[in-house]
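Okay, here's what each chain looks like letter by letter:
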Amino acid sequence: MNGLDMKSKDLQTRAIRAGLRRTPQGEHSLPIYATSSFVFESSKQAADRFAEVEPGNIYSRFTNPTTLAFENKLAALEGAERCVATASGMAAIATLCYSMLEGGDHVVAAAGLFGSTTTFFNKYLAKFGVRTQTVSTTDLDEWADAVRPETRMLFVETPSNPLCEIVDIGKLKELAGECDDCLLVVDSSTTTPVLQLPLELGADVVVYAATKFLDGHGRAVGGAVVTNRDDIADNVFACLRTTGASMSPFNAWTFCSGLETLALRVREASKSAMEIARWLDRHPKVKKVYYPGLEHHQGHDLAKKQQSDFGAVLSFEVDGGRKNAWKLIDSTEMISITANLGDVKTIITHPASTTHARITEEQRMAAGITEGLIRLSVGLEATSDIMEDIEAGLSAI
Ligand SMILES: *Cc1c(COP(=O)(O)O)cnc(C)c1O
């Protein structure tokens, strides 16, 4: 890109410099190509573009230069060959499944997934004859028992949402290897390439909700499918240009600016989250803290091996179920009550009644999402101010 060999550069340099292809106008900042279609010089050129004998833009549902800049930047950060941008994180997951699975296929999915992902597998993908078996996120024996000859996909989030459970990506790769072309898919929305590189650990595909940390400022909804395999990227792209859940160039522009500060944001927020987790862990009104940076956490050792830091998301449980959880949340003043995460603003969420309200009670219990559980996405305000606000909530219960 502009003559620089990006593979040899540090992550932070790639975050700033990768993806840009300057036009003859000499702009220093990425332009937004606000155009739905592209003009051809002749009928012959139009025909050649459609026949894919000549590369180039046709229509922004297929490709757009601003969206391409985001794809190149994220691929460079991931150290991956290919990236396909999508309209949302769910669009990334849905398009991947539509393009790579068919009726009769079997999927093994972790219990601790983003709520809509679980709903997508069980309610919508099931309509097309793809059956999904849910397993306890961290129990590798359960994963092994669930895998069958017709299993075509293992789907996991590590750390999981919202309990931050850690799964050994390398071990899942071994299980996937027992089947004929079974894809290991990792939703890495909460870690980002700053903390974890699933493709290096054995994953075939990484999916992102760019909505979260990649943007980092809560401005836009988007997603991405990242992979080193051309067959997967080609299939996803072909499906996307037909089914239409493409990323808008406006959003791609927003994500490109978000990616420039990704490493700085994620590292700083992780540092703050560690401090907050330690403080909550000692707090008499807190029953339990779920954060992989704490030595007593189920996945602490594995997270140390698999990740470069422990991340900005943590959960904690209070006594008194929903009543006290809501009271705590409602007694904070600064922290935002919203269902997003990965924002520079600290966010507090009650998963059982919001992000995970649409899955069944049984699924919630299997995922460990109790009524007293509170999720925190630590932002970039001063750690002391975040703690002071949570303390106000804790003293109210
Ligand atoms: C938010 C989220 C999604 C869905 O992303 P959208 O952009 O909201 O569609 C998927 N996975 C995880 C882990 C998420 O946090």
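Residues numbered from 1 in each chain as written. Predicted model: local features only at pLDDT ≥ 70, side-chain atom pairs only at ≥ 80, totals over all residues. Heavy atoms only, no water.

1. Remarks on the overall build of the protein chain
- When helices and strands are counted, the protein chain shows 16 helices and twelve strands.
- Against the globule reference of 21 Å for 397 residues, the protein chain gives a C-alpha radius of gyration of 21 Å, in line with a compact fold.
- Its C-alpha atoms give the protein chain principal-axis dimensions of about 75 × 50 × 35 Å.
- Taking contacts inside the protein chain between residues at least 6 apart in sequence as the whole, the part at least 24 apart equals 71%.
- As displayed, the protein chain has an accessible area near 16800 Å², and 51% of this comes from carbon and sulfur atoms. (Helix = DSSP H or I, 4+ residues; strand = E, 2+ residues; numbered from the N terminus. Rg over C-alpha atoms; globule rule 2.2 N^0.38 Å. Contact = heavy atoms within 4.5 Å. Areas by Shrake-Rupley, 256 points an atom, 1.4 Å probe, with all protein chains shown as cover.)

2. Let's talk about the sheet that holds strand E11 (residues 347-349)
- With mixed pairing, the five strands of this open sheet are ordered in space as E8-E9-E12-E11-E10. With partners counted over all chains shown, the strands left at the sheet margins are strand E8 (288-290) and strand E10 (336-337), one partner each.
- Relative to strand E9 (residues 313-317), E8 runs antiparallel, the two sharing three bridges. Residue pairing across strands places Tyr290 opposite Ser315, the latter belonging to E9.
- Packing of helix H12 (residues 262-282) onto the sheet brings it into contact with E8, E9 and strand E12 (373-377), and relative to E9 it is tilted by some 10°. (Pairing = 2+ DSSP bridges. Axes fitted to C-alpha atoms, helices over the stretch in contact; angles between N-to-C directions.)

3. Let's talk about unusual backbone geometry
- The residue after Thr158, namely Pro159, is reached through a cis peptide bond having omega 0°.
- Position of Pro159 relative to the elements: it lies in the loop between strand E4 (151-157) and helix H7 (169-176).
- For the peptide bond that leads from Asn161 to Pro162, omega is 5°, which places it in the cis range.
- Of note, Pro162 is situated in the loop between E4 and H7.
- One non-glycine residue, Asp181, adopts positive backbone phi at about 50°.
- Summarising the element assignment, Asp181 is placed in the loop between H7 and strand E5 (183-187).
- Taking the relative accessible area as the measure of exposure, Asp181 reaches 44% and is therefore partly exposed.
- Here the phi dihedral of Thr192 falls at roughly 65°; this positive angle occurs in a residue that is not glycine.
- If you trace the backbone, Thr192 turns up in helix H8 (residues 192-195).
- The buried category is assigned to Thr192, whose relative accessible area is 0%. (Buried < 20%, exposed > 50% of the residue type's maximum accessible area, 1.4 Å probe, protein only.)

4. Some details on the pairing of strand E2 (residues 106-110)
- Within E2, five of the five residues are buried, which leaves the element mostly enclosed by the surrounding structure.
- With burial as the criterion, each face of E2 is covered, one bearing His106, Val108 and Ala110 and the other bearing Val107 and Ala109.
- Here five bridges tie E2 to strand E3 (residues 131-135), and the two strands are oriented parallel to one another. From the neighbouring strand, His106 faces E3, where its bridge partner is Arg131.
- For the segment spanning E2, helix H5 (residues 115-124) and E3, crossover handedness is right-handed.
- Alignment of E2 against E4, held across four bridges, turns out to be parallel. Residue pairing in the sheet places Val108 in a bridge with Leu154 of E4. (Right-handed = clockwise from strand over helix to strand, strands pointing away.)

5. Notes on the site of the ligand
- Taken together, Ser88, Gly89, Met90, Phe114, Glu157, Asp187, Ser189, Ala209, Thr211, Lys212, Val221 and Gly222 make up the full set of residues near the ligand.
- Interatomic distance of 2.8 Å between a backbone N/O atom of Gly89 and an oxygen atom of the ligand.
- Backbone polar atom of Met90 to an oxygen atom of the ligand: 2.8 Å apart, as the coordinates give it.
- Across the complex, the protein chains shield 91% of the 380 Å² of accessible surface that the ligand would expose by itself. (Near = heavy atom within 4 Å. Polar contact = N/O pair within 3.5 Å; in protein donor to acceptor, adjacent residues only side chain to side chain.)

6. Some details on the pattern of salt bridges
- Scanning the model with the defined rule gives 18 salt bridges in all.
- Here Arg49 ties to Glu54 by a salt bridge, and the two come within 2.9 Å at their closest N and O atoms.
- Where Glu371 meets Arg322, a salt bridge forms, and the shortest distance between an N and an O atom there is 2.7 Å. Residue Glu371 is located in the loop between helix H15 (361-366) and E12, and its partner Arg322 is located in helix H14 (residues 321-330); the two are separated by 49 residues in the primary sequence. (Salt bridge = Lys/Arg side-chain N within 4 Å of Asp/Glu carboxyl O.)

7. Focus: helix H3 (residues 65-78)
- Between the first and last C-alpha of H3 there are 20 Å, a value that for 14 residues agrees with the 20 Å anticipated at 1.5 Å per step.
- Counting buried positions along H3 yields eleven of 14 residues, so the element is predominantly enclosed.
- Along H3, the residues that are buried comprise Thr66, Thr67, Ala69, Phe70, Glu71, Lys73, Leu74, Ala75, Ala76, Leu77 and Glu78.
- The distance from a side-chain oxygen at the start of H3 to the backbone nitrogen of Thr66 is 2.8 Å, and the residue carrying that oxygen is Asn64.
- Two residues or fewer after H3 comes Gly79, characterised by a positive phi angle close to 70°. (Expected span 1.5 Å × (residues − 1).)

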